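Examining the three-dimensional arrangement
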Amino acid sequence: MKAILTDITRCIGCDKCKEACYNQYNKGKVCAISADAKDDLSEATWTTVLLVDRGNVFVKDMDQEKPDFPKDVSEQTILSLPQTAFVRKQCLHCNEPTCEAVCPVGAFHKDQETGAVIYESHKCIGCRYCMYACPFGIPRYEWGTPFPVVQKCILCYEEIKTGRKPACTEACQDGATIFGDRDELIAEAHRRIEQEPGRYRNHVYGEHEAGGTAVLYLTKPQVPLDFLFHQRLGVDPLPSYTWQWLAKVPTIGMSAAFAGTGLFWIIKRRNLLAQGEEALERKEPHA
Ligand code: SF4
Ligand code: SF4
Ligand code: SF4
């Protein structure tokens, strides 16, 4: 399986990855982003580069007026600031994707060869279940179109199948986001941590989270990526919870059916009793 490894310690926030993706898939498309959005992903922007500073996450183009927005972060200084970093965000291409598990029409499927969670928009009925189910808040809705569907990064799976790399990784000249075999990238990530323990947090994000993902991250020791990965999710694939829940559905259904039958029986009996009393009253009018 293929994957992307993004090494936050090398990213200078130049946005070339974001521009390459936009030019490849959505050139000319514009869409409004709500002012209080946590990122600027949209139906036209499938990857973005956020700015993290001392635990605060900023959308570079939207949050510059905020009082704590770091004004002095340049491409030169960013690499040396221990608590500040640029962090790419895109679909994580989960090994066991929740979007696939909940989609009623099978618009998503995990492709084991490329690692991509492929999305087929022609199948999408716009129900937005995937948006609610994705634990990482990735799929976005085409709010401005008459027949909206969702959109997200597709890991350039057609390029990968023809031996090319995803456009975003091709565009990154700084080696901050690279493409390769998932096992080899995980080994490379651990090698980097071992060789420069002071430079890296001792964790390869995406190796195990939510059952593993095909987008992996290395980060600075003081820039945890919990805001991307939601550590509380643990390492179990999330669809396993879906199936645990679904396994209870027959029990829940039977219980509901019994409860409904009981309620129906009580109401019916009350009505019969009331009818009986009325009939009795008609037969024996009050004196
Ligand atoms: S990050 Fe969300 S949209 Fe992407 S594969 Fe995982 S569940 Fe699906
Ligand atoms: S992998 Fe392809 S679709 Fe996904 S963010 Fe990169 S360029 Fe865009
Ligand atoms: S990942 Fe590479 S291309 Fe994207 S912003 Fe960082 S340095 Fe630039």
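Coordinates for the structure precede this section.
Here's what I pulled together on the structure shown here. Treat the numbers as computed from the prediction; the structure is a model and nothing was measured. (Residues numbered from 1 in each chain as written. Chains lettered and ligands numbered in written order. Predicted model: local features only at pLDDT ≥ 70, side-chain atom pairs only at ≥ 80, totals over all residues. Heavy atoms only, no water.)

**Side note on the overall build of the protein**
Worth spelling out the cut-off: Helix and strand labels come from DSSP, where a helix needs a run of H or I of at least four residues and a strand needs a run of E of at least two; each type is numbered from the N terminus. Only protein chains enter the accessibility calculation, which uses a 1.4 Å probe; a residue whose area is less than 20% of its type maximum is buried, one above 50% is exposed, and one in between is partly exposed. Whether two residues touch is decided by their heavy atoms; if any such pair falls within 4.5 Å, the residues are in contact. A 1.4 Å probe and the Shrake-Rupley method give the accessible areas. Residues count as covered only by the protein chains that appear here.
When helices and strands are tallied, the protein shows nine helices and ten strands. For the protein, the residues scored as buried account for 45% of the 287 residues in total. Across the protein, contacts joining residues at least 24 apart in sequence account for 62% of those joining residues at least 6 apart. Surface summary for the protein: the accessible area is close to 15900 Å², and the carbon and sulfur share equals 55%.

**Focus on the site of ligand 2**
Formally: A cutoff of 4 Å decides nearness: a residue is near a molecule or strand if any of its heavy atoms lies inside that distance of it. Residue polarity follows a fixed list, in which Ala, Val, Leu, Ile, Met, Phe, Trp, Tyr, Cys and Pro are nonpolar, Asp, Glu, Lys and Arg are charged, and the others, Gly among them, are polar.
All residues in the neighbourhood of ligand 2 are listed as Cys21, Tyr25, Trp46, Thr47, Arg88, Cys153, Ile154, Leu155, Cys156, Pro166, Ala167 and Cys168. Partitioning the shell around ligand 2 into residue classes produces ten nonpolar, one polar and one charged.

**A word on the site of ligand 1**
Taken together, 13 residues lie around ligand 1, and Cys91, Cys94, Cys99, Cys134 and Phe136 are the ones closest in. Here the residues of the shell around ligand 1 are counted per class, giving ten nonpolar, two polar and one charged.

**With respect to the pairing of strand 4 (residues 84–89)**
Side-chain direction in a regular strand flips from residue to residue, so the side chains alternate between the two faces of the sheet. Threshold: Strands are labelled as partners when DSSP assigns at least two bridges between them.
In terms of residue burial, strand 4 counts as a mostly covered element, since six of its six residues are buried. Neither face of strand 4 is exposed, since Thr84, Phe86 and Arg88 on one face and Ala85, Val87 and Lys89 on the opposite face are all buried. Both strand 2 (residues 48–53) and strand 4 contribute to a ladder of six bridges, which runs antiparallel. Following the sheet pairing, threonine 48 is matched in strand 4 by lysine 89.

**With respect to the packing of aromatic side chains**
What characterises a pair of aromatic rings is the spacing of the ring centres plus the angle enclosed by the ring planes. Operational definition: Aromatic rings from Phe, Tyr and Trp, taking only the six-membered ring of Trp, are treated as a pair when their centres fall within 6.5 Å; an angle between ring planes under 30 degrees marks them as stacked, one over 60 as edge-to-face, and anything in between as tilted.
One pass over the structure, following the stated rule, counts seven aromatic pairs. Ring plane angle 75° and centroid distance 4.7 Å describe the contact between tyrosine 141 and tryptophan 143, whose orientation is recorded as edge-to-face. In this structure tyrosine 141 comes out as buried when scored by relative accessible area, which is 11%. Overall, tryptophan 143 belongs to the exposed group, its relative accessible area being 60%.

**Description of unusual backbone geometry**
Residues other than glycine predominantly adopt negative phi, and peptide bonds predominantly adopt the trans conformation. With a phi close to 45°, arginine 54 is a non-glycine residue in the positive phi region. Within the secondary structure layout, arginine 54 lies in the loop between strand 2 and strand 3 (56–58). A positive phi angle is found at alanine 210, which is not glycine, with a value near 50°. Its place among the elements puts alanine 210 in the loop between helix 6 (182–195) and strand 10 (215–218). Relative accessible area serves as the criterion here: at 3%, alanine 210 is assigned to the buried category.

**What to know about the sheet that holds strand 3**
The following threshold applies: Between N-to-C directions, angles cover 0 to 180 degrees, with each direction set by a line fitted to C-alpha atoms, over the stretch in contact for helices.
An order of 3-2-4 is seen for the three strands of this open sheet, with the pairing classed as antiparallel. Lying at the two open borders of the sheet, with one neighbouring strand each, are strand 3 and strand 4. Pairwise comparison of adjacent strand axes, ignoring direction, gives a mean angle of 30° for this sheet.

**Regarding the side chain of serine 42**
Basically, it comes down to this: Side-chain atoms alone can form a polar contact between residues adjacent in sequence; in general such a contact is a pair of N or O atoms within 3.5 Å, and within protein one must be able to donate a hydrogen while the other accepts it.
Tracing the backbone through its elements, the reader meets serine 42 in the loop between helix 1 (16–25) and strand 2. Here alanine 44 takes part through its backbone nitrogen, which lies 3.1 Å from a polar atom of the side chain of serine 42. Once residues lying within four places of it in the same chain are set aside, the contact partners of serine 42 are Cys31, Ile33 and Arg140.

**Some words on the sheet that holds strand 9 (residues 177–181)**
Within the open sheet, the three strands sit side by side as 9-1-10. Their pairing is mixed. The open sheet is flanked by strand 9 and strand 10, the only strands paired with a single partner. Taken pair by pair, the neighbouring strands of this sheet meet at an average axis angle of 25°, ignoring direction.

**Describing helix 6**
Note the threshold: Take the number of residues in a helix, subtract one, and multiply by 1.5 Å to get its expected span. This arc is taken over the directions from the axis of the helix to the C-beta atoms.
In this model helix 6 runs 20 Å from its N-terminal to its C-terminal C-alpha over 14 residues, within 8% of the 20 Å that 1.5 Å per residue would give. Within the span of helix 6, buried status applies to Arg182, Leu185, Ile186, Ala189, Arg192 and Ile193. In an axial view of helix 6, the angular spread of the buried residues amounts to 120°, which keeps them on one side of the axis. Within helix 6, the exposed residues directed more than 90 degrees away from the buried face are Asp183, Glu184, Glu194 and Gln195. Elements that come into contact with the buried residues of helix 6 comprise strand 1 (2–7), strand 9 and strand 10.

**Observations concerning helix 1**
Listed in full, the buried residues belonging to helix 1 are Cys17, Lys18, Ala20 and Cys21. What you see down the axis of helix 1 is that its buried residues fit within an arc of 165°, all on one side.

**Considerations on the nonpolar core**
The criterion, for reference: In this text, buried Ala, Val, Leu, Ile, Met, Phe, Trp, Tyr and Cys residues form a nonpolar core when linked through side-chain atoms within 4.5 Å.
In this structure, Phe108, Tyr119, Tyr217 and Leu225 are the most contacted members of the largest nonpolar core, which totals 54 residues. Counting residues in each nonpolar core, the second largest holds eleven residues, with Ala3, Leu5, Leu216 and Leu218 among its members.

Taken by themselves, the reported measurements are silent on function.
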